[in-house]
Amino acid sequence: MSFSERVSQLPYLGIGVSTEYGAVLQKNSLDIKILRQSHPEFATFLEVGIETSKGLDALASWWSSQGLPTTYHFLDVNLDDPADYCEDWLDLVRRYCGLLQPAWMCGDAGLWHFGPRDRNHMLLLPPVLTDDAAKEMAEGIIRLREETGLEVLPENPPGSVFVGDLHILEFFARLCELADTGILLDCAHLAIYQNAMGYEPLAGFDALDWSRVIEMHVAGSTQSHVGDYWFIEDDHSTNVLPDTWTVFENACLRTSQLRAVVFECERNLISKTLPHFQHILTTMEQIRTGLPSIDAMERAHVP
Amino acid sequence: MSHKTVQQIVVRMLYDPEFANSVYADSANTLKVEQITEEQRNWLTTSDRRAWGTDPLRRTRSLHALVEEYPVSATLAAKIVGGLPLLDNFFSSARFHDSVRKGDYLVTAFAAWLRDVAQNTDNLWSRSLTATATIEEAMATVRRAQMPPITHSDGAKFRLSPLAALVDVYCGALQLIGSIRTTMGTDEAVFNCLVSNQICLDGISPVYPDDTQHVLVMRTAPKSGNITLEELSPELAVLLHIAKSPTTTDILASTVIEMGAGPQDALEILEGFLEDQLLVPCG
């Protein structure tokens, strides 16, 4: 069955929040249980970031024990590395999937570790943006989908340096076509990429098959500098850059199968996150209740 | 596969600014041994050079993780070279670059680099560093070891468990490790001492290079992170050295008997090793 047929089986999750092991214990972390109580529409599902060597923390365990919706966000697999699909790792993945019953798997399609999967080797780098890299990564996505029985949605990673001959949206278009899968579009990561490469926020938009966009991420970023070099840091603050909103709003207009949006804000007080959740909700509701045509939008942004 | 080579070079450039400078200055020469195309080389220098340095704490974080696994050796190395910042040079070393290129464990490369530091310095603590790096490398190895499924069959061979390692080091190394761990405290305390360059080894004795100590490093259970260190008698060390390769019980029993045990005692000793999972069947 092709993805265009399988996609109908994916549930609509709405707006969710993300976490990873121990995140709730950090100072000023988002109180997800309170958010769920006070604004359930902003915490309809939990995206659980999982490094198999760490497992699930108390919040993720509690959430899954309530039977609430989740997605499984991997943090420890290089999709293009056959050695990463060892039985020990797959056993743990299946175990956590059994506990969480996620709607799908997703995660940054990049380099989570160099050399062997080891605690001293963990990082996150974007892939080399080439057709060869997309082919090998696609094989891994297909394998993981077959091993878990879940859709595996690659996410465009952040980075400060990007190498290769493809625009990152061209790369992900190719990857999703080869793996016949959907995509998790991280709007903040894309804004960072466009800025780092000197492109306009919507550059490369026409490369993507937008019917494959199933999930999106929105997050705050900060202009930082090292010496006299300025760059955008993906720090999940509540400072959502205008370019990120531009990407999100225009992406929403093009999607036809969007199922979920995560506002990544795990280290912020609820009060500071609410306006952003509301903006996401408003934008999504506009889509669900009748889209303005894309021609009616300000195409001036689109190069 | 060459995109994976490019990815490895990216990692090396992110960790090592001198290497990145060299790639920017002359990529053809710097990367002449790499199996990548001219086009791929050019990709590496397309970005603003400064974009490679947006995470200035990358090396510090990685060094912190390595020091957690080599607290004693890092202490001695910092004492020898004059402080923690010089340990940071590991990430500019050939050991580091070779490790990334070959896809090896960094912990293994770090041990080799520490022994290089010891070998290239003439210091009271140099030989001690050689010894402790070897023991802590064995600890890092058994910490990562996977226990294969145990199969039993008649006439099976046995071998030293993957959860165990036997190393021969300078005499006194085990006591030195105990003394420094006691003095320095927790892993976090060790790192803080190294950062502040407050390394006090008063009252601690270095190793005695004229004699050898046989040390058994063992993880207590497959799911456990607990590792024990034990000094072995020379006889037992000989036996376990033999068992590093798959060996029949006959050969192992003969070895024990040659050391003076009776046949029944020899079997009981081997049964004890099997029960403790120091020896495991290997087909």
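Residues numbered from 1 in each chain as written. Chains lettered and ligands numbered in written order. Predicted model: local features only at pLDDT ≥ 70, side-chain atom pairs only at ≥ 80, totals over all residues. Heavy atoms only, no water.

1. What about the overall build of chain B?
This is how it is decided: Each helix is a run of H or I in the DSSP string that is no shorter than four residues. Each strand is a run of E no shorter than two, and both are numbered from the N terminus. Here's how the labels work: a residue is buried when its accessible area is under 20% of the maximum for its type, exposed when over 50%, partly exposed in between, all with a 1.4 Å probe on protein chains only. Contact criterion: two residues are considered in contact whenever any of their non-hydrogen atoms come within 4.5 Å of each other.
Looking only at helices and strands, chain B has 15 helices and six strands in total. When the backbone C-alpha atoms are referred to their principal axes, chain B occupies close to 75 × 50 × 30 Å. Counting only residues that meet the buried cut, chain B has 48% of its 283 residues in that class. Nonlocal contacts in chain B, meaning residues at least 24 apart in sequence, comprise 71% of its contacts between residues at least 6 apart.

2. A short note on the confidence of the model for chain A
Quick reminder of the rule: Confidence scores here are pLDDT values: one per residue, from the predictor, ranging 0 to 100.
Chain-level pLDDT for chain A is 94 on average; 95% of the residues reach the 70-or-more range. Across residues 292-303 of chain A, where pLDDT falls below 50, the model places eleven contacts with residues more than four positions away in sequence or in other chains.

3. Regarding the interface of chain A and chain B
Formally: In this description, buried area is defined as the sum, over both parts, of the accessible area (probe of 1.4 Å) that is lost when the two are combined. Salt bridges are identified by distance alone: a Lys or Arg side-chain nitrogen within 4 Å of an Asp or Glu carboxyl oxygen. N or O atoms within 3.5 Å of each other form a polar contact, as long as, within protein, one can give a hydrogen and the other can take it, and as long as residues adjacent in sequence are counted only when both atoms are side-chain atoms.
Taken together, the contact between chain A and chain B spans 31 residues of the former and 33 residues of the latter. Surface buried jointly by chain A and chain B totals about 2700 Å² across both partners, of which 60% is contributed by carbon and sulfur atoms. At the junction of chain A with chain B, the criterion picks out five salt bridges. Seen at the junction of chain A and chain B, the total is twelve residue pairs in polar contact (both at pLDDT 80 or more). When residues of the side of chain A that touches chain B are traced back to their parent elements, those giving at least two are strand S6 (122-125), helix H5 (131-148) and strand S11 (229-233) of chain A.

4. Observations concerning the sheet that holds strand S2 (residues 164-171) of chain B
All names here are of chain B. This is how it is decided: For two strands to pair, DSSP has to find at least two bridges joining them. In this analysis, axes come from line fits to C-alpha atoms, helices being fitted only over the stretch in contact, and the angle between any two N-to-C directions falls in the range 0 to 180 degrees.
Pairing is antiparallel across the open sheet formed by three strands, whose spatial order is S2-S3-S4. Strand pairing shows two members of the sheet lacking a second neighbour, S2 and strand S4 (227-232), which therefore form its edges. Ignoring strand direction, the axes of neighbouring strands in this sheet form an average angle of 30°. Sheet analysis places strand S3 (residues 208-219) next to S4, joined by six bridges and oriented antiparallel. For His-214, the partnering residue across the bridge sits in S4 and is Leu-232. On the sheet, helix H10 (residues 126-144) packs against S2, S3 and S4 and is oriented at approximately 175° with respect to S2. Helix-sheet contacts for helix H11 (residues 173-184) involve S2, S3 and S4, and the interaxial angle to S4 is about 145°.

5. Let's talk about helix H13 (residues 234-242) of chain B
Keep this limit in mind: In this description, the arc belongs to the directions extending from the helix axis to the C-beta atoms.
Taken as a whole, H13(B) has its buried residues at B:Ala237, B:Leu239 and B:Leu240. For H13(B), the arc enclosing every buried residue in end-on projection is 160°, short of the 170-degree limit, so these residues lie on one face.

6. Observations concerning the pattern of salt bridges
Tallying each qualifying case throughout the model produces 30 salt bridges over all chains. For A:Arg117, the salt bridge is made with A:Asp84, and the minimal N-O distance between the two is 3.6 Å. Taken together, the residues span a long stretch of sequence, with A:Arg117 in the loop between strand S5 (111-113) and S6 and A:Asp84 in the loop between strand S3 (70-74) and helix H4 (87-100) at a distance of 33 residues. Relative accessible area serves as the criterion here: at 25%, A:Arg117 is assigned to the partly exposed category. Residue classification places A:Asp84 among the buried residues on the basis of a relative accessible area of 3%. Here the salt bridges do not stand alone but share partners, grouping A:Asp118, A:Arg119, B:Glu68, B:Glu69, B:Arg143 and B:Arg144 into one network.

7. Concerning the sheet that holds strand S6 (residues 279-281) of chain B
All names here are of chain B. Pairing in this open sheet of three strands is antiparallel, and the strands run S5-S1-S6 from one edge to the other. Every other strand in the sheet has two partners, leaving strand S5 (247-248) and S6 as the edge strands with one partner each. With three bridges connecting them, strand S1 (residues 157-160) and S6 associate as antiparallel partners. For Leu-160, the partnering residue across the bridge sits in S6 and is Leu-279.

8. Some details on the nonpolar core
We count it as follows: For our purposes a nonpolar core is just a set of buried Ala, Val, Leu, Ile, Met, Phe, Trp, Tyr and Cys residues, chained together by side-chain atoms within 4.5 Å. The domain boundaries here were taken from an automatic or database domain assignment.
By size, the foremost hydrophobic cluster in this structure holds 78 residues, and its most contacted members are B:Leu44, B:Phe90, B:Ile135, B:Leu194 and B:Val217. Three or more residues apiece are contributed to this core by two domains, here domain 1 (2-53) and domain 2 (58-281) of chain B. Setting aside residues up to four positions removed in sequence, B:Leu44 forms contacts with A:Val163, B:Val6, B:Ile9, B:Val10, B:Met13, B:Val23, B:Tyr24, B:Leu31, B:Ile36 and B:Trp52. Judged by nonpolar contacts, the second largest core, of 76 residues, contains A:Ala43, A:Ile141, A:Cys187 and A:Ile280.

9. Re H11(B)
Residues and elements named next belong to chain B. Note the threshold: Take the number of residues in a helix, subtract one, and multiply by 1.5 Å to get its expected span.
Its twelve residues place the ends of H11 16 Å apart at the C-alpha level, agreeing with the 16 Å of an ideal helix rising 1.5 Å per residue. All buried positions along H11 are accounted for by Ala-173, Leu-174, Leu-176, Ile-177, Ile-180 and Met-184. Down the axis of H11, the buried side of the element spans an arc of 160°, and every buried residue falls inside it. Of the surrounding elements, those touching the buried residues of H11 are helix H6 (71-81), H10, S2, helix H12 (187-195), S3 and S4.

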